[in-house]
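Below, each chain spelled out in residue letters.
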Amino acid sequence: MMRIDWRKAATFSLALFCAAGLAAQGGAGGAGIPTPGGATPGAGPSQSAPGGGVPDRSGGPFTGAATREGAGRDAVEAFGRWLETSGEVSRFLPVRYRLLAAAVPAIEAGAPAEAFRIRLREAAAKGASPETTADALEADAARWTALARLIGTDWPPASKSAAFYVSAALAMRNGIELEAVAGVAAWARAEKSSPERAAAALTAAATLRAAISLSPAEAGRAALAVAASRLKVGHFDDLVELAERAARSGLSPFLFLAALESTFGSGEGLEDLERRLFPQVFPSGR
Amino acid sequence: MKQDLREKPFGRDPERAARSAEAIMARVRALGAPDRAPAVLAFPAFVRSRAVRYVAAAALVAVLSSLATLAVIGNGSSAQVRFVLEAPEASEVRLAADFNGWTGEGYALERDVSGTWSITVPLRKGASYSYIFLIDGERWVPDPATHQVLDDGLGGGVSTISL
């Protein structure tokens, strides 16, 4: 019989898996789900995360700052080259210097350059004019600069950083305050929750704000309550629909938020919130 | 010689050992045991090499692990999401989203006889996604079937979905 050295085989397999995992991470910045047509989904070039890609844990603050600065400079240069040469965003060549000027401080602060690429691809897909795109990117860059300075470069991990920053900008553009975004990020980091959940909570809070006219401060509280709740991300949209139903029945945004915080804060779920909001429909409680 | 063997309790006279082994083999041959080696030892030399054995074992482990991973994925970490748009006048509709790099490449919707366009996309659960529909390559609209439309900063709206 063939003799197999299982210990060495297991070591070899582990090495194979690590290599496969690294290859997969480097290739796909997006969801990594196969497309229905068989095309390669999203992502494009792998993210050159400034600072966030390789967190500096070895040296002192000076070494870390120097490393981040170097990584940021590299990322800025790579982004500039991409702006000049990429066919997919060639329509934005007339405003490339505005785009680059907006991106430099954000990338140097630790925002991922890939977030700019994602937004530019979105603008290209929508056929947005160069001026409108530059305006939008300048506003996003300001948000990302401030956010990166608040949450640092160690979180989210490099492979998920761009998606989080894009979602954070979407939330801030739609009325969630910077401090609330940073608060949700700090919660996710402390609780080891996923950046995807944090981003989804921010998006849900922005949608809630639009749906029932929450104030920015209230929407920020809602974001944290939703993120920290035991609700699955898949139920966040149901929460927005419940809020709309509550608003239609005459409940004020303030009371809805109070019920939301009270319910989720005590570890209860969406059905419990519905019971509190509509006691006439569920008279017997549980 | 005997003195040596006594000093080494586990020592053995090589001539006696050879005779004993020969006698055992003679008895085995008398029982009709086949002269040739078992089939497993008849593989070519390269199959018996150590490297090939390691690769074979590694491949086995990899296949088993992949099957386990697929089982986990199949158990609910992704969802089939159907995107639908009523656009009878359109000649082409694509789904552009953050999960496909906003290109719409490979995400053409299919039209039914009533002019309803649809596509089913596998998406990972535990995240929210942004998307729009690109009509005839020049006009884009958020999903009219959902209220969850946010300002995209580019002069329009973007639909979101949480999974």
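Structure report, in brief. (Residues numbered from 1 in each chain as written. Chains lettered and ligands numbered in written order. Predicted model: local features only at pLDDT ≥ 70, side-chain atom pairs only at ≥ 80, totals over all residues. Heavy atoms only, no water.)

1. Thoughts on the pattern of salt bridges
Here's step 1: Tallying each qualifying case throughout the model produces 21 salt bridges over all chains.
Here's step 2: The closest approach of N and O atoms between A:Arg221 and A:Glu261, which form a salt bridge, is 2.7 Å. With A:Arg221 in helix 9 (residues 216–228) and A:Glu261 in helix 11 (residues 253–265), this pair connects stretches of sequence that are 40 residues apart.
Here's step 3: Residue A:Arg221 is classed as partly exposed on the basis of its relative accessible area of 38%.
Here's step 4: Overall, the relative accessible area of 26% leaves A:Glu261 in the partly exposed class.
Here's step 5: Within the structure, one salt-bridge network assembled from shared partners comprises A:Arg119, A:Glu122, A:Lys126, A:Asp140, A:Arg143, A:Arg173 and B:Asp152. (Salt bridge = Lys/Arg side-chain N within 4 Å of Asp/Glu carboxyl O. Helix = DSSP H or I, 4+ residues; strand = E, 2+ residues; numbered from the N terminus. Buried < 20%, exposed > 50% of the residue type's maximum accessible area, 1.4 Å probe, protein only.)

2. Looking at the pairing of strand 8 (residues 157–162) of chain B
Residues and elements named next belong to chain B.
Here's step 1: Within strand 8, 6 of the 6 residues are buried, which leaves it mostly tucked inside the rest of the structure.
Here's step 2: Residues Gly157, Ser159 and Ile161 line one face of strand 8 and the alternating positions Val158, Thr160 and Ser162 line the opposite face, and both faces are buried.
Here's step 3: In this structure, strand 5 (residues 128–135) lies alongside strand 8, joined through 4 bridges in antiparallel fashion. The partner of Tyr129 across the bridge, within strand 8, is Ile161.
Here's step 4: When strand 7 (residues 149–151) meets strand 8, the two strands line up antiparallel, connected through 3 bridges. Paired with Asp151 across the bridge in strand 8 is Gly157.
Here's step 5: Counting the residues in the hairpin turn of strand 7 and strand 8 gives 5 residues, including Gly153, whose phi is positive at 75 degrees. (Pairing = 2+ DSSP bridges.)

3. Section: the pairing of strand 4 (residues 116–124) of chain B
Remember that side chains alternate between the two faces of the sheet whenever the strand is regular.
Residues and elements named next belong to chain B.
Here's step 1: Burial within strand 4 is extensive, with 7 of its 9 residues counted as buried.
Here's step 2: The pairing of strand 1 (residues 78–86) with strand 4 spans 9 bridges and is antiparallel. Bridge assignment links Ser78 to a residue of strand 4, and that residue is Arg124.
Here's step 3: With 2 bridges joining them, strand 3 (residues 110–111) and strand 4 adopt antiparallel strand pairing. Of the residues in strand 4, the one forming a bridge with Glu110 is Ser118.
Here's step 4: Here strand 3 hands over to strand 4 after 4 residues, with Gly115 in that stretch at a positive phi of 90 degrees.

4. Some details on a nonpolar patch on the surface
Here's step 1: Taken together, B:Leu60, B:Val63, B:Leu64 and B:Leu67 make up a surface patch of nonpolar side chains, about 380 Å² in accessible area.
Here's step 2: You can see B:Val63 is positioned in helix 4 (residues 50–77). (Patch = residues over 30% accessible without salt bridge, like charges linked within 9 Å, V, L, I, M, F, W, Y side chains within 5 Å. Areas by Shrake-Rupley, 256 points an atom, 1.4 Å probe, with all protein chains shown as cover.)

5. Overview of the environment of B:Ser162
Here's step 1: Residue placement: B:Ser162 occurs in strand 8.
Here's step 2: Accessibility expressed as a relative area gives 7% for B:Ser162, which makes it buried.
Here's step 3: Measuring from C-alpha to C-alpha, the distance between B:Ser162 and B:Gly126 comes to 7.5 Å, with 36 residues separating the pair along the chain.
Here's step 4: Residues contacting B:Ser162, with those up to four places away along its chain left out, are A:Val233, A:Gly234, A:Phe236, A:Asp237, B:Ala127 and B:Ser128. (Contact = heavy atoms within 4.5 Å.)

6. Here's the deal with the side chain of B:Thr160
Here's step 1: Among the structural elements, B:Thr160 can be located in strand 8.
Here's step 2: Beyond its immediate stretch of four places on either side in the chain, B:Thr160 contacts A:Leu170, A:Thr203, A:Thr207, A:Asp237, B:Tyr129, B:Ser130, B:Tyr131, B:Gln148 and B:Leu150.

7. Examining the nonpolar core
Here's step 1: By size, the foremost hydrophobic cluster in this structure holds 91 residues, and its most contacted members are A:Phe164, A:Leu239 and A:Phe256.
Here's step 2: With 10 residues, helix 8 (residues 195–212) of chain A is the largest single contributor of residues to this core.
Here's step 3: Leaving out residues up to four positions away in the same chain, A:Phe256 has contacts with A:Leu208, A:Ile212, A:Leu239, A:Leu242, A:Ala243, A:Ala246, A:Leu251, A:Leu273 and A:Leu277.
Here's step 4: In this structure, B:Val93, B:Ile119, B:Tyr131 and B:Ile161 belong to the second largest nonpolar core, which totals 24 residues. (Core = buried A, V, L, I, M, F, W, Y, C linked by side-chain atoms within 4.5 Å.)

8. With respect to helix 4 (residues 113–125) of chain A
Residues and elements named next belong to chain A.
Here's step 1: Taking 1.5 Å of rise per residue, the 13 residues of helix 4 would be expected to cover 18 Å, and the 19 Å separating its terminal C-alpha atoms lies within 8% of that figure.
Here's step 2: The buried fraction of helix 4 amounts to 12 of the 13 residues, a majority that puts the element mostly inside the structure.
Here's step 3: When helix 4 is considered as a whole, its buried residues turn out to be Ala113, Glu114, Ala115, Phe116, Arg117, Ile118, Arg119, Leu120, Arg121, Glu122, Ala123 and Ala125.
Here's step 4: One or two steps after helix 4, the chain reaches Gly127, where phi turns positive at roughly 65 degrees. (Expected span 1.5 Å × (residues − 1).)

9. Points about unusual backbone geometry
Among all residues except glycine, the phi angle is most often negative; among peptide bonds, the trans geometry is most common.
Here's step 1: Cis geometry is adopted by the peptide bond preceding A:Pro156, which originates at A:Trp155 and carries an omega value of 0 degrees.
Here's step 2: Relative to the elements of secondary structure, A:Pro156 occurs in the loop between helix 5 (130–151) and helix 6 (158–173).
Here's step 3: Positive phi is not limited to glycine here, since A:Lys192 has a value of about 55 degrees.
Here's step 4: Locating A:Lys192 in the fold gives a position in the loop between helix 7 (178–191) and helix 8.
Here's step 5: Judged by relative accessible area, A:Lys192 falls into the exposed class, the value being 75%.
Here's step 6: Although it is not a glycine, B:Trp102 sits at a positive phi angle of roughly 65 degrees.
Here's step 7: Counting through the fold element by element, B:Trp102 comes out in the loop between strand 2 (93–97) and strand 3.

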